[in-house]
Amino acid sequence: MSKKHPIISVTGSSGAGTSTVKHTFDQIFRREGVNAVSIEGDAFHRYNRADMKAELDRRYAEGDYTFSHFSYEANDLKELENVFREYGETGKGRTRHYVHDAREAEKYGVPPGHFTQWTPFEDDTDLLFYEGLHGSVVNDEVNLAALADLKIGVVPVINLEWIQKIHRDRATRGYSTEAVTDVILRRMHAYVHCITPQFTRTDINFQRVPVVDTSNPFVARWIPTADESLVVIRFKNPRGIDFAYLTNMIAGSWMSRANSIVVPGGKLDLAMQLILTPLIERLVRDSKRA
Ligand SMILES: Nc1ncnc2c1ncn2[C@@H]1O[C@H](COP(=O)(O)OP(=O)(O)OP(=O)(O)O)[C@@H](O)[C@H]1O
Ligand SMILES: O=C(CO)[C@H](O)[C@H](O)COP(=O)(O)O
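Predicted, not measured: the structure shown is a model, and the values here were computed from it.

A. Spotlight on empty space enclosed by the protein. For the structure shown, the criterion picks out two cavities of 30 Å³ or more. Computed from the structure, the largest cavity encloses a volume of approximately 80 Å³. What lines the largest cavity is simply Ser13, Ser14, Phe70, Glu161, Trp162, Lys165, Ile184, Arg187, Met188 and Tyr191. Elements with a minimum of two residues in the lining of the largest cavity: α5 (158–173) and α7 (188–195). Looking at which element gives the most residues to the lining of the largest cavity, the answer is α5, with three residues. Taken together, the residues of the lining of the largest cavity sort by class into five nonpolar, two polar and three charged. Its volume calculated, the second largest cavity comes out at about 40 Å³. Its residues assigned to classes, the lining of the second largest cavity shows four nonpolar, four polar and one charged.

Structure, rendered in structure tokens:
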């Protein structure tokens, strides 16, 4: 936890919608005049695509079928912890990009499946924003949850998450449904052991729930739209959250538990703005006083 140089982490599985949620944060940062430095979890993968394949093959040959990008060991979480710690203490740090596809290759000048060089953060930023798979990990090696000041989980129910991943990976990353299905299966062990435990540590979870039939996510023809979904928003510590204000402001919303509200899918962006803006404002205000 850092008051002087606050850190926000947004954690979700691959395809959960963390990049989409980042756009909402970017809008809030722009509107509130917050100068945030952003880092992507994929920058902290341990291997480039070819080396990951070699490591997978090696482990398969040894009978380990559980290794995937979700696994702790496939990522340099020590380095991520160093970046969180250094930023929290000094406001400095560094990051790089993992280039997924041709569009990103053109943007960064590095072929798909490779990393860019590490580059230092610009000086005098107001906060660090992380978006990726491991923003609230606590294991024998690292404690990232302890270093982040506001932790958000983005967790659609699992068949919606798979639909989102399959459609995104087919549309923009050139994978077949079969290839994505294999990846989903291979990642399941680490999904259960490395990804889901984080969502009991996050301060707020946003869980999109479809209200159309998604029983067979592998043949779904499109991603359920905002109108075809609800979002459950759960607060770890509901003290200080003005639920009456939120349910008044967000048409069609209601409380489903003492720490949860449900909003129509189309109101997700509004709900995030209403909930997150005061929290971000407070982090930045406190950091200027520290
Ligand atoms: N609220 C939403 N409503 C409709 N579609 C959504 C929503 N959130 C995400 N999606 C869709 O789901 C897909 C995956 O979203 P996104 O790219 O944000 O995931 P991600 O968590 O960043 O994945 P990765 O970490 O693998 O990059 C995209 O096609 C996106 O348009
Ligand atoms: O989304 C992911 C993790 O969040 C990707 O699967 C990961 O970055 C590896 O990508 P690729 O399969 O394109 O090498």
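B. Structural view of unusual backbone geometry. Although it is not a glycine, aspartate 124 adopts a positive phi angle of roughly 60 degrees. Looking at the secondary structure, you find aspartate 124 in the loop between β4 (119–120) and β5 (127–132).

Each value, and the rule that gives it
Residues numbered from 1 in each chain as written. Chains lettered and ligands numbered in written order. Predicted model: local features only at pLDDT ≥ 70, side-chain atom pairs only at ≥ 80, totals over all residues. Heavy atoms only, no water. 1 Å grid on protein atoms, 1.4 Å probe; cavity = no way out; pocket = protein on both sides within 12 Å on 5 of 7 lines; lining within 4 Å. Points joined across faces, edges and corners; volume = space filled by probe spheres on them. Helix = DSSP H or I, 4+ residues; strand = E, 2+ residues; numbered from the N terminus. Nonpolar A, V, L, I, M, F, W, Y, C, P; charged D, E, K, R; others polar.

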